[in-house]
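Fold and contact review
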Amino acid sequence: MSSRCYIRPAVRSSSTPSAGSPAHQSPSRLPALIAAAIDADRHRDLDGTGPKAGAGALRNGDTIHPGDDGTRTARRIAATIGRMITAGDLAVGERLPTVRELSRRLGVSPTTVSVAWRSLADVGVIETRGRNGTYVRHPRGAEAPRRYRMVTGAAADGADHFDIDLSTGTPDPDLLPDLGPVIARVSRQSLTSSYLDRPVLPALEELLDATWPFAAEAITVVDGALDALDRVAQVALRLGDRVVVEHPAFPPILDLLDQLGCEIVGVDVDDEGIVLDQLAAAFATAESGRPGAAPPAAVILQPRAQNPAGIAMSASRAAAIAGIVGGTTALVVEDDHANDISSAPLVSVGSWLPAQTVHIRSYSKSHGPDLRLAAVGGSGEVVNSVANRRRLGPGWSSRILQAVLVELLQDPSTADTMAAARSAYADRRRAVAAVLAGHDVPMTGQDGINAWIPVDDERVATVALAARGIGVAPGHPFLVRPDGDHLRVTVGLLAHDGPDGGSRLAEVAEAVAAAARQHSTHRRPAHR
């Protein structure tokens, strides 16, 4: 497919601009050039090719300011300038217009431009030099992942006083395979003869290739699903790229895209996966023919056990997604984090678009979190770039751990363990859903170890459950855009029998149902 182009060029490292760039023209023209690029996005919405507020499509949390037409927001200004920087239209060392100058040209408040400037500075692509002005600089990365810390921080803070912590999203240790006998067998093996050995053990590569959901052009192994997402994003995305994600989404994915300076486009999910009309709207810019209105560079989705919503993608939905993405240069990235503990069959967009899909298969929740292994397979351009870049860093994922995984995958008892875990998790999920339904509290999805539960007041519900010794994750870190209050509850950790012989599952589910209907007397805005 000759039109594919996934490996994004880096920001130009030279402060000398290329011929034809704005730096070769009068600095007074920069506001007009920036405004023209932003206007392309404005026309995209006005002519109906982009998402519209109030119609189920998303505005990515944009703040609307007085006098703003709903498109020239701080977030859009920042994304457009980011794309101009990575394209070389604004070179490193380029002086940017002043806040007041650009705000006048765009017809927005100086506050709006200031917010855009701060977001670009947070990513590290511009810097302010006092009275000398604001300049384009080399990207330096961003701060700690704020959304993920809202989830993991709650778990860490409550570790000492929660009787049961359902905020973690981790599997039940009692349902994992026994690694003892496997490690004993592996300890007698010699696995590395050279630092230049192939990064994937041949036996593991053969097993992966035989079970991959489509014919992968290349396969490698990295240190878990999040490591895989990070490495794929690093080679496939650039500052200012639009990236489609599910709404709600796994917080580390949102944090990662924020740190890369990407523009996040949230698309709702229903019982079969991401909503097609919203996805089509995001890609409509590809046919608009308007400069600067770039289509998405990637779609990141979870094909089953979607965290947090518990959705599994249907085959018909995957085929329809392929129909929308096919013919563009966008990359589909699939995070199959649940793997063998999912009750749903694995469906991959790669069955229709193998050259435009990267599929990630994690073994952490199914075979053991401390294995820290995930396989990455699909587009040879992307996967080989990931593997080649790793050779300059860690080189390979532990071959000892790879050998443990091979032993597990070849041991017949592992299949029995996976079947038992699938059954137990599905049973626990159904039991919790039944208790909640008895109190008219809905629970989305039918797959995975996590439940996404709407509540009247997220903060009140979280505190009420904590008072009873139950830890849950707040819903707002999972949101791409403002939405109602939710809790993410890891129901897969709830066994039926408690320590006193009673039903811990029923007791906790009743507590969650009660907390879901508690609310504060103070009105709060929807979470962002």
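For the structure itself, consult the block above.
To keep things clear, this report deals only with the structure shown in the data block. Fair warning: this is a prediction, and the values are worked out from it, not measured in the lab.

Turning our eyes to something else, we now look at the pairing of strand S4 (residues 218-222). Of all five residues in S4, five are buried; the element is thus mostly enclosed. Examined bridge by bridge, S4 and strand S11 (residues 374-378) share five bridges and lie antiparallel to one another. Its bridge partner being in S11, Thr220 is matched across the sheet by Val376.

Looking now at the pattern of salt bridges. According to the stated counting rule, one finds 15 salt bridges in the structure shown. The partner of Arg129 in a salt bridge is Glu127, with the nearest N and O atoms 3.1 Å apart. Its relative accessible area of 39% is what places Arg129 among the partly exposed residues. Judged by relative accessible area, which is 26%, Glu127 ranks as partly exposed. Two residues, Arg390 and Asp223, come together in a salt bridge whose shortest N-O distance is 3.5 Å. Taken together, the residues Arg390 in helix H13 (residues 380-390) and Asp223 in the loop between S4 and helix H8 (225-236) connect sequence positions 167 residues apart. Each of Arg147, Asp255 and Asp258 takes part in a single network of salt bridges with overlapping partners.

Bringing the packing of aromatic side chains into the picture now. Pairs of aromatic rings are described using the distance from one ring centre to the other and the angle between the two planes. Evaluation of the coordinates by the stated rule reveals one aromatic pair. Of note, Arg129 hangs over the ring of Tyr135, and the distance from its end group to the ring centre comes to 4.0 Å. The cationic tip of Arg399 hangs over the ring face of Trp396; the distance from NZ or CZ to the ring centre is 4.1 Å.

Turning our eyes to something else, we now look at the sheet that holds strand S10 (residues 357-362). On the basis of which strands lie adjacent, the open sheet formed by eight strands has the order S4-S11-S10-S9-S8-S5-S6-S7 and mixed pairing. The sheet is open, and its two edges are formed by S4 and strand S7 (273-274), each paired on a single side. Bridge count for strand S6 (residues 263-270) against S7 is two bridges, and the pairing is antiparallel. Opposite Asp270, over in S7, you have Gly273 as the bridge partner. Running over the sheet, helix H7 (residues 202-211) touches S4, S10 and S11 and is turned about 120 degrees from S4.

A word on the environment of Ala312. Structurally, the position occupied by Ala312 is in the loop between strand S8 (298-301) and helix H11 (315-325). Not counting the four nearest positions on each side in its chain, Ala312 is found in contact with Asp271, Glu272, Gly273, Pro303, Arg304, Ala344 and Asp447.

Quick look at the sheet that holds strand S14 (residues 473-474) now. Read from one edge of the open sheet, three strands run S12-S15-S14, paired in antiparallel fashion. Each edge of the sheet is formed by a strand with only one pairing partner; in this case those strands are strand S12 (451-454) and S14. The sheet contact formed by S12 and strand S15 (residues 486-489) spans four bridges and is antiparallel. Residue Ile453 lies in a different strand from S15, and its bridge partner there is Leu487.

The rules we used
Residues numbered from 1 in each chain as written. Predicted model: local features only at pLDDT ≥ 70, side-chain atom pairs only at ≥ 80, totals over all residues. Heavy atoms only, no water. Buried < 20%, exposed > 50% of the residue type's maximum accessible area, 1.4 Å probe, protein only. Helix = DSSP H or I, 4+ residues; strand = E, 2+ residues; numbered from the N terminus. Pairing = 2+ DSSP bridges. Salt bridge = Lys/Arg side-chain N within 4 Å of Asp/Glu carboxyl O. Phe/Tyr/Trp six-rings, centres within 6.5 Å; stacked < 30°, edge-to-face > 60°. Lys NZ or Arg CZ within 6 Å of the ring centre and 35° of its normal. Contact = heavy atoms within 4.5 Å. Axes fitted to C-alpha atoms, helices over the stretch in contact; angles between N-to-C directions.

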